[in-house]
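Chains, contacts and geometry: an overview
Spelled out, the chains give:
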Amino acid sequence: MYFFRLFLGIFVGLILGVSPLFAPPEWKAERFVELEKDEFYVLTLQANDAQKTLFFRWTLLKNEGLVVHLNYDSFPHQFILYQDYQRTCYEIPLLKADQRYYTREPFFMLCFKDYHRTKKIATLKFYIYEGSRDFNIIDERKVPNGGFNAY
């Protein structure tokens, strides 16, 4: 009986100790965005004295895949999002890794939720995870359609 209680105590302790590692992150921001083709969504982030701009738009829906262009800190990304489970989101880090922290670094994640064929509007959802770093969203807005040189 003693060994059973000891085993149960260790087992419960392990479960309670490990469960925070698998808990879903607490989001700094979580928003649904409806965008027309080539309409930009712009976010400006500020960490200490540095300001960084992140913007994204979609340009094409082909074979149920949404072609998305994202630019963060003057680095362009192009990817295709689908509504199936494994290819629905795209994630990028927001700040460089800091060796002092043992938690996950801040990131931005963009997910494809829906496409309205009659309206030709894509519904996306973005998440921002702050981690143990401190930064603020100082501006966020839609910018009308404008093609490649709009922003």
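Below, the structure is looked at part by part.

Let's talk about the pattern of salt bridges
Pairs may arise between side chains of opposite charge once their charged atoms sit close together. As enumerated under the stated definition, the model contains 9 salt bridges in all. Among the salt bridges present, the one from Glu64 reaches Arg117, with a minimum N-O distance of 2.7 Å. With Glu64 in the loop between β3 (50–62) and β4 (65–72) and Arg117 in the loop between β7 (107–116) and β8 (121–129), this residue pair connects regions lying 53 residues apart in the sequence. The class for Glu64 is partly exposed, based on a relative accessible area of 48%. Taking the shortest distance from any N to any O, the salt bridge between Asp139 and Arg141 comes out at 2.9 Å. Classification of Arg141 by relative accessible area gives partly exposed; the value is 36%.

Describing the state of the cysteines
For the structure on display, the rule yields 1 disulfide. The side chain of Cys89 participates in a disulfide bridge whose partner is Cys111; the two sulfur atoms lie 2.0 Å from each other. Around the S-S axis, the bridge from Cys89 to Cys111 shows a dihedral of about 105° and counts as right-handed. Pair noted here: Cys89 is in strand β6 (residues 89–93) and Cys111 is in strand β7, with a separation of 22 residues, a long-range link. Classification of Cys89 by relative accessible area gives partly exposed; the value is 33%. Residue classification places Cys111 among the buried residues on the basis of a relative accessible area of 1%.

Topic: the side chain of His69
Within the element layout of this structure, His69 appears in strand β4. A relative accessible area of 18% means that His69 is categorised as buried. A distance of 3.3 Å separates a polar atom in the side chain of His69 from a polar atom in the side chain of Thr59. Setting aside chain neighbours within four positions, we find His69 in contact with Phe55, Phe56, Arg57, Thr59, His77 and Gln78.

Observations concerning the environment of Asp84
Along the chain, the position of Asp84 falls in the loop between β5 (75–81) and β6. A relative accessible area of 31% means that Asp84 is categorised as partly exposed. With 28 residues separating them in the primary sequence, Asp84 and Phe112 have C-alpha atoms 9.3 Å apart.

So, the sheet that holds β5
Ordered by their spatial adjacency, 5 strands build an open sheet running β5-β4-β3-β2-β9, and the pairing between neighbours is antiparallel. Edge positions in the sheet fall to β5 and β9 (136–143), since each has one partner strand and no second. Adjacent strand axes in the sheet meet at a mean angle of 20°, parallel and antiparallel pairs treated alike. Bridge count between β3 and β4: 8 bridges; the pairing is antiparallel. The residue bridging Lys62 from the neighbouring strand is Gly65, located in β4.

Rules of the game
Residues numbered from 1 in each chain as written. Predicted model: local features only at pLDDT ≥ 70, side-chain atom pairs only at ≥ 80, totals over all residues. Heavy atoms only, no water. Salt bridge = Lys/Arg side-chain N within 4 Å of Asp/Glu carboxyl O. Helix = DSSP H or I, 4+ residues; strand = E, 2+ residues; numbered from the N terminus. Buried < 20%, exposed > 50% of the residue type's maximum accessible area, 1.4 Å probe, protein only. Disulfide = S-S within 2.5 Å. Polar contact = N/O pair within 3.5 Å; in protein donor to acceptor, adjacent residues only side chain to side chain. Contact = heavy atoms within 4.5 Å. Pairing = 2+ DSSP bridges. Axes fitted to C-alpha atoms, helices over the stretch in contact; angles between N-to-C directions.

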